[in-house]
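Residues per chain are reported as follows:
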Amino acid sequence: MTKTALVTGGQRGIGRGICEALVKAGYQVALLAQVESDDRDVIDALDQLGSKARYYRHDLQEVAGHAAILDRIENEFGSITTLVSNAGVPAKSRGDLLEVQPDSFDFVLGVNLRGAFFLAQEVARRMLAVPSEAYRSLIFVTSVSAEMVSVERAEYCVSKAGAAMMADLFTARLAPHGIGVFQIQPGIIESPMTASVKDKYTTRIDDGLVPVRRWGQPEDIGSAVVPLVQGQMAYATGTTIKVDGGLSIPRL
């Protein structure tokens, strides 16, 4: 049975780690992002993932275009059995939350929350409209920032807190139909998004900020996703899985 996963932001970082794990697990993978198809990350990802992966360009902020891009994916790859809502953008600049500007706030929530919500909504509608013998799922990749405060990244934290509620809402709506919904909260993951703060966090990790005392890697997230989409945790729908090396454990 053909299994097709749509992974937003799948061309690099956490998304790419998820795509690699899914391809190894036998999935076809549609990578979706805003960058052009000749972007270096896209080319490298497709080279590594092979014939089971295709790239689709789409801006999540363009909500009106969600249906058209899903039509294209379905025409080329078949019905989507898994959505991994992973794409996310950081605050345009880090700084005091009292200085956050509306354009940065709107941009971050436009991608991380509004765009993600309406894409998940359209995928869910299609899942309900077409019966399938395959286990189907929605995976929301949020962040420990959904619960842990970073005052210099206020708009990002707000967007991830909203995404956490979004995951709960879709869980309750889709559970009667056998569609699993899960939330993964990554911690400090080595990726292009964290490259600018690598030295700062390496020192803090070495000092014990993360109990396992290492950076998380994209493959750590990928390995957590696979059993969820395969239905091995179907009765645990609605579960939030923290992939953070113990970062979010309250400690004295």
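Calculation rules
Residues numbered from 1 in each chain as written. Predicted model: local features only at pLDDT ≥ 70, side-chain atom pairs only at ≥ 80, totals over all residues. Heavy atoms only, no water. Buried < 20%, exposed > 50% of the residue type's maximum accessible area, 1.4 Å probe, protein only. Helix = DSSP H or I, 4+ residues; strand = E, 2+ residues; numbered from the N terminus. Arc of directions from axis to C-beta. Contact = heavy atoms within 4.5 Å. Polar contact = N/O pair within 3.5 Å; in protein donor to acceptor, adjacent residues only side chain to side chain.

A. Main features of helix α2 (residues 40-49). Residues of α2 that are buried include every one of V42, A45 and L49, and no others. Across the axial projection of α2, the buried residues extend over an arc of 65°, all falling on one side. Residues R40 and D47 are exposed on α2 and point more than 90 degrees away from its buried face. Where α2 is buried, its residues meet α1 (13-24), β2 (28-33) and β3 (53-57).

B. How the structure looks around the side chain of T4. One can find T4 in strand β1 (residues 4-8). According to the relative accessible area criterion, T4 is buried, its value standing at 0%. Here Q28 takes part through its side chain, which lies 2.9 Å from a polar atom of the side chain of T4. A polar side-chain atom of T4 sits 3.1 Å from the main-chain carbonyl oxygen of F77. Beyond its immediate stretch of four places on either side in the chain, T4 contacts Y27, Q28, F77, S79, I80, T81 and T82.

C. Representation of the environment of G78 in the model. Note that G78 resides in the loop between α3 (66-77) and β4 (82-85). The spatial distance from the C-alpha of G78 to the C-alpha of T2 is 8.1 Å, given a sequence separation of 76 residues.

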